[in-house]
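Working through the structure, step by step
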Amino acid sequence: MDTRIAVFFQVRAQALVAVLQELVYAPAGTFLGAAVVAVALALPAGLYGLTVNVERLTGGWNRGNEVSIYLHRSVTDQAGRRLAANLAREPEVVAARYVSPNSGLQELARSGHFGNTLALLPHNPLPPVIVLKPRNALSAQGLSAFITEIRTIPDVATVEADLKWVQRLQAGLVVVRRIGILLAIALALAILVIIGNSARLQILNRRGEIELMKLVGATDGFIRRPFVYTGALQGLFGGMLGWLLLALGESALSFPVAHLAHLYGNRFTLHGPGLAGILDLGGVGFMLGWLGARIAVGRHLGDIEPAQV
Amino acid sequence: MIEFSHVSKHYREGHEAIRDLSFRIEREEMVFITGHSGAGKSTLLKLIARIEQPTRGQVVVDGKNLTRLPRRHIPSYRRRLGVVFQDNKFLHDRDVLENVGLPLAVRGTPASEIRKRASAALDKVGLLARAHAMPITLSGGEQQRVGIARAIAHRPDVLLADEPTGNLDGDLSDTIMDLFREFNEYGVTVIIATHDRRHISRLQKRAFMLKDGALIEDRPWDAR
């Protein structure tokens, strides 16, 4: 049994070493094959990274927003303060501050935008207001749901929060992400076809060798192994190269993006694929390469039988 | 034991390569198959190697009906055979030793054992000194001997050879035929297709005479 296990690993290790040698001996071909996979993987991955970064950016802006809850004029200061205290205890809320009509008028006067106009008013036109600061982790959708809930409170006249643009942007991001998924599927199929076709050509080039191997008793698994390993390694190298492209893109854009954000008073920094991304892209490339080669070899190997004795 | 029962082989283009062939070859026997070009010698060997399937009849080797052999069992069946071509095919990116060790490599023999047995086989055909040469650098006779070494390296039960001396001069072809006789004396069943009847009379073995795919003579040497 030990011998069989040893043989199991030995034949695979031998095939892997032989394939690695072939790839190293033909660096141009190896690089071109990997480059095609790299571009095909980097495009959807880059699009995904873009949506993640835009989401982070809009999340940051969203966090800066406050929600103004206008109460009915009939609501007393005591009832207003009680409602603010109740809202402050909600999990979605960080702080809730009650602003009475008088305090509001004083704040307006202090702002200096209206000059003496406020003094001419026969009575204070401002309603009681609760200024609410939502929790950072709350998404635009979550905040919208929470606001809808607040609107049902009898003392609340109206609620104001400028979420529309964030919601539109996030809806746009959903579309972009869907496009990214469709692009990823299309490019994954392209990788399968490209690597499959490469395996098919290799099989045709080595037809005589395959016939000979079949004649001396090689199993389909034995013959298939180098082709499948080649496809998987091409996919793996392609994935790693794709990660490198994204990392280079990130390093080229990170400073200008951070500078732009700084000019808007934001501390946003670009998030790249990170070191874990090399595993993700490499793994996806490996799987696609393996699958493409496996399908192609499975289809074409059966057609080759030894002809000469 | 190899048994043909009313075996016929028609090709799609209408050519009838084998016609109603029936015979039996015992274990450890050495048999020549002779006849003119196109008589069906190669097709007969292909049927034994399970490269071709008969159109009619059945081929049974050691109780296994090759016509019903599942595809997945063909590799293990072929590992029991050694096959020598008239024009041997080699892996031209590998040296002679690796080519000879190929039948061992496909069955997962450890590398050290492959080297040992492939070297022994090369020694047997007198080419150990060329173990690390590339096949393309060998002469026709050397290539033929390397092909034989490859066919015997894994100690097959049955050795099939199609015109193994077709490209060789007299002395070398005798040497190679003597090698086949030697393998047969070790217990290997040897079946050789040749149009050169001189070898049959020299080695004095059983011979089948084929004509237009039909067996017209099957006599042991003693009966001549």
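Residues numbered from 1 in each chain as written. Chains lettered and ligands numbered in written order. Predicted model: local features only at pLDDT ≥ 70, side-chain atom pairs only at ≥ 80, totals over all residues. Heavy atoms only, no water.

**What to know about the overall build of chain A**
Scanning chain A for helices and strands turns up ten helices and four strands. C-alpha extents for chain A along the principal axes are approximately 115 × 40 × 35 Å. A total of 309 residues make up chain A; the buried ones form 36% of that total. For chain A, restricting intrachain contacts to residue pairs at least 6 apart in sequence, the fraction spanning at least 24 positions comes to 82%. (Helix = DSSP H or I, 4+ residues; strand = E, 2+ residues; numbered from the N terminus. Buried < 20%, exposed > 50% of the residue type's maximum accessible area, 1.4 Å probe, protein only. Contact = heavy atoms within 4.5 Å.)

**A word on the side chain of His154 of chain B**
Residues and elements named next belong to chain B. Inspection of the secondary structure puts His154 in the loop between α6 (140-152) and β7 (158-162). Within the structure, the side chain of His154 is placed 2.7 Å from the backbone oxygen of Leu81, a separation counted as a polar contact. Excluding residues within four positions of it along the chain, His154 makes contact with Arg79, Leu81, Gly82, Pro103, Leu104, Arg107 and Arg117. (Polar contact = N/O pair within 3.5 Å; in protein donor to acceptor, adjacent residues only side chain to side chain.)

**Details of the packing of aromatic side chains**
Residue and element names in this part refer to chain B. Taken as a whole, this structure holds four aromatic pairs over all chains when the rule is applied. Considering the side-chain rings of Phe4 and Phe23, the 4.4 Å spacing of their centres and the 20 degrees angle between planes classify their relative orientation as stacked. You can see Phe4 sitting in strand β1 (residues 2-10) and its partner Phe23 sitting in strand β2 (residues 16-25), a full 19 residues away along the chain. Here Phe4 matches Phe23 in class, with each residue buried. Among the aromatic residues, those joined into a ring-pair cluster are Phe4, Phe23 and Phe208. (Phe/Tyr/Trp six-rings, centres within 6.5 Å; stacked < 30°, edge-to-face > 60°.)

**Focus on the domain arrangement of chain A**
Structurally, chain A comprises domain 1 (2-61 + 167-301) and domain 2 (66-161). Placing a centre on the C-alpha atoms of domain 1 of chain A and another on those of domain 2 of chain A gives a separation of 53 Å. (Domains from an automatic or database assignment.)

**Some thoughts on the sheet that holds strand β9 (residues 206-211) of chain B**
All names here are of chain B. What the six strands build is an open sheet, ordered β6-β7-β8-β3-β9-β10; its pairing is mixed. Each edge of the open sheet is held by one strand with a lone partner, namely β6 (81-84) and β10 (214-219). Going from strand to strand, the sheet's axes swing by 15 degrees on average, the running direction of each strand aside. Both strand β3 (residues 30-35) and strand β8 (residues 189-193) contribute to a ladder of four bridges, which runs parallel. Its bridge partner being in β8, Met30 is matched across the sheet by Val190. (Pairing = 2+ DSSP bridges. Axes fitted to C-alpha atoms, helices over the stretch in contact; angles between N-to-C directions.)

**Brief notes about unusual backbone geometry**
Residues and elements named next belong to chain B. The backbone phi angle of Asp20 is positive, close to 45 degrees, even though this residue is not glycine. Note that Asp20 resides in strand β2. Residue Arg50 is not a glycine yet carries a positive backbone phi of 60 degrees. Considering the arrangement of structural elements, one finds Arg50 in the loop between α1 (41-48) and β4 (56-61).

**A short note on empty space enclosed by the protein**
Going through the model one piece at a time under the given rule, you end up with two cavities of 30 Å³ or more. By volume, the largest cavity amounts to about 70 Å³. Lining the largest cavity, in full, are Leu215 and Val216 of chain A together with Arg78, Leu81, Gly82, Val83, Phe85, Pro103, Arg150, Ala151 and His154 of chain B. For the lining of the largest cavity, the elements supplying multiple residues, two or more each, are β6 and α6 of chain B. The biggest single contributor to the lining of the largest cavity is β6 of chain B, with three residues. (1 Å grid on protein atoms, 1.4 Å probe; cavity = no way out; pocket = protein on both sides within 12 Å on 5 of 7 lines; lining within 4 Å. Points joined across faces, edges and corners; volume = space filled by probe spheres on them.)

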